[in-house]
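# Report on the structure
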Amino acid sequence: MNAFDWGAIWYAVPYMLQGAVVTLEISILAMVFGTVIGIVCGLVSVSRVGPLRWLVRVYVYFVRGTPALVQLFLVYFALPEIGIYVSAFWGGVIALSFNAGGFIAEIVRAAIGSIEPGQTEAALSIGMTDRQGLLLILLPQSLRQMAPPLTNELITLVKGSSLLSAISIAELTRSAQMIIAERFTPFEIYAALAVFYLIMISALARASEYVEKRLA
Amino acid sequence: MPDAGPAAVPAPLLRVLGLSKIFGDIPVVDRVTLEVATGEIVMVIGPSGAGKSTMLRCINRIETPSEGEIWVAGVNMAGELRDGRLVPDARAVTARKRRLTGMVFQRFNLFTHLSALDNVAIGPRRVLGMPAAAARALALEHLDRMKLSAHVDKRPIQLSGGQQQRVAIARALAMSPQLMLFDEPTSALDPELVGEVLEAIRGLARDGLTMIVVTHEMQFAREVGTRVVFMDGGRIVEDRPSADFFATPRHERAREFLRRIHGGAAPALTAAGPPPG
Ligand SMILES: Nc1ncnc2c1ncn2[C@@H]1O[C@H](COP(=O)(O)OP(=O)(O)O)[C@@H](O)[C@H]1O
Ligand SMILES: [Mg+2]
C-alpha cells in the first residue's frame, strides 16, 4: 500500500475551495429557484385549475421518472435548440432548479394535502376564496411539515450538483477530477472531495435544523 | 308587472326547498324543506347519521346540494336565474354569498397557526378588506363579548376546548352574518366546559341573532330554542315550537330519541301517552 500523499491534498485544497465556491453558488441559486418553482407548482397541483394541474403532473412525472443526469443533458442541450443561449453555469442552475422544483412540488402537495379538511372548511365558512384559503391558511400551516423533506431535497440538490462536472462546470467535483488528472492521486483527492461535501452538507443540515426549530 | 305576493308577510331569512344531498346512492339529506324567520332560534336534534351536519353544510354550501334550493336573505345560494334558467355561481361568488351565514364547527377548526386574535381578525382583514387596526379592534370587541380578553394572544393549542369554541364563535360573528349555524358546538367538549359555550350561545340568542343549532343538549334546546326540528334518516320528522315538541313529541322516533337521550327517564312524555315497548 502506498503512503497517504498529504502533499497532494495541500496542493489540491486551494483549487477545491474555488470549486466549492462554485458548487455553493450554483446550489444556492438552484435552491431558491427550485423552491419557488416547487411551491408554485405544488400550489397549482392542489388548486382547482384543471389544465395547469395537468401540466404540473406531467412535469413531476418526468422529473421523477428520469435520471438527473439525463435531465441535465436534456436541459443543457435543449436550451440552444429553443434559442436560449446561456453559459454552462446558468445551464446547470436551470437544470438543477428544474429537477428540484419537481420534487419540491410533490413535497408541497403532500404537506398541504395532509392538513385536516376542517381548516379549509373554516376558511370557506368565513367567506375566503379557494385561493385565500390556500395562501393564508393551508400554506403557512404546511411549512412545518415541509421542512424535513425539503431539507432532504436540498441535500440531494447539493450532491446532485456534482453531476454538473459532466458539462465542464468547474464546480467542486470537476476541480477534483482535474487535479487527479494532473497528479494521479485519485484516492487522496476523492477522500478530500468527500470531506468537502460532508462539511457543506452538515452546514446545510444545521441551518435547516435551526429553521425547523423556529417554525415549531 | 311581476307578482310580488302578499306584502304583509316578510320573506323568511332562510328558505330551504326540497333539499337533498346524495352520497353514492344514499340520500343523506332527503327532500328537506325548512323556513327560518329572522330572530328564530331553531334547534336541530336527531340521532347520529340523521343528516343534520350535512344539511347545515349544504346551507352554507361547504357541501354542494344534489337537489333543491337554498335562499338566504333573498339570495339564491346556488346561482342566478337568467331567462328562467339557473346559471351556477363561480366559486368566488359562492364565497361572497357564504358571508351571509356564519358557521361554528363541532371540532372548532381554529386556524392552528394563528393567535386567537388573528383567528378572529383574519376574516374582516382579508375577506372584508378592513384596515389592520380596524380588524384588530373588531376582533378584540368580539373576543371580549366571548369573555376571552385575557387570551387574545394565545394559540389554539394553548386554549381549553371551551375557550377555543368561543374563539370560533367570535370568528364567525366578526363577519356579521345574518344567520348563524352551529354544528354540535359542545359535543367535542369535556363536560365541565359545555356550560360556558352554551352560556355564550344563550347570550347571542338574547341579542336576537337568528340561529340554527344542532345539539344533543336537550335542556338547552328546550330553554333557548324557539323551534325544534327533529331529523331522522335525512328527513325532517317533526318541526314544531320548542315547548310543544318537548311536551308532546308526536312521532315515535322522536319519543324514542328523547327517551334514549334522557337515559330512560322522559318525564315530558306523559301527555303523548306512555311510550310503547
Ligand atoms: N362526504 C361524505 N361522503 C359519504 N357519506 C357521508 C359524507 N358525509 C356524511 N356522510 C354520511 O351521511 C350520513 C349523515 O351524516 P351527517 O350529516 O354527518 O349526520 P349527523 O350530523 O346527523 O350525525 C352519515 O351516514 C354519514 O356517514
Ligand atoms: Mg353531525
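Keep in mind it's a predicted model, so treat the numbers as computed, not measured.

Residues and elements named next belong to chain B. Inspection of the region around ligand 1 gives Phe-23, Val-28, Pro-47, Ser-48, Gly-49, Ala-50, Gly-51, Lys-52, Ser-53 and Thr-54 as its neighbouring residues. Backbone polar atom of Ala-50 to an oxygen atom of ligand 1: 3.1 Å apart, as the coordinates give it. One of the backbone nitrogen or oxygen atoms of Lys-52 is found 2.8 Å away from an oxygen atom of ligand 1. Burial of ligand 1 by the surrounding chains reaches 56%, relative to a free accessible area of 560 Å². A total of three residues in the shell around ligand 1 trace back to one element, the largest contributor, which is helix 1 (residues 52-59).

Residues and elements named next belong to chain A. By the definition in use, this model includes 12 aromatic pairs over all chains. Taking 4.9 Å as the distance between ring centres and 55° as the angle between the ring planes, the aromatic pair formed by Phe-4 and Trp-6 counts as tilted. Residue class for Trp-6 comes out exposed when judged on its relative accessible area of 51%. Taken together, Phe-4, Trp-6, Trp-10 and Phe-187 form an aromatic cluster joined through their ring pairs.

This part covers the interface of chain B and chain A. In this assembly, 22 residues from chain B lie in contact with 19 residues from chain A. Across the chain B/chain A interface, buried area totals approximately 1800 Å², and carbon plus sulfur atoms make up 60% of it. Taken together, the connections running from chain B to chain A amount to two salt bridges. Among the ionic pairs, Asp-130 of chain A bridges to Arg-91 of chain B, the shortest N-O distance being 2.4 Å. On the surface where chain B and chain A come into contact, there are eight residue pairs in polar contact (both at pLDDT 80 or more). When contributions to the side of chain B that touches chain A are tallied by element, the ones reaching two or more residues are helix 2 (91-97), strand 8 (101-104) and helix 3 (116-127) of chain B.

About the cut-offs
Residues numbered from 1 in each chain as written. Chains lettered and ligands numbered in written order. Predicted model: local features only at pLDDT ≥ 70, side-chain atom pairs only at ≥ 80, totals over all residues. Heavy atoms only, no water. Near = heavy atom within 4 Å. Polar contact = N/O pair within 3.5 Å; in protein donor to acceptor, adjacent residues only side chain to side chain. Areas by Shrake-Rupley, 256 points an atom, 1.4 Å probe, with all protein chains shown as cover. Helix = DSSP H or I, 4+ residues; strand = E, 2+ residues; numbered from the N terminus. Phe/Tyr/Trp six-rings, centres within 6.5 Å; stacked < 30°, edge-to-face > 60°. Buried < 20%, exposed > 50% of the residue type's maximum accessible area, 1.4 Å probe, protein only. Contact = heavy atoms within 4.5 Å. Buried area = accessible area lost by both parts, 1.4 Å probe. Salt bridge = Lys/Arg side-chain N within 4 Å of Asp/Glu carboxyl O.

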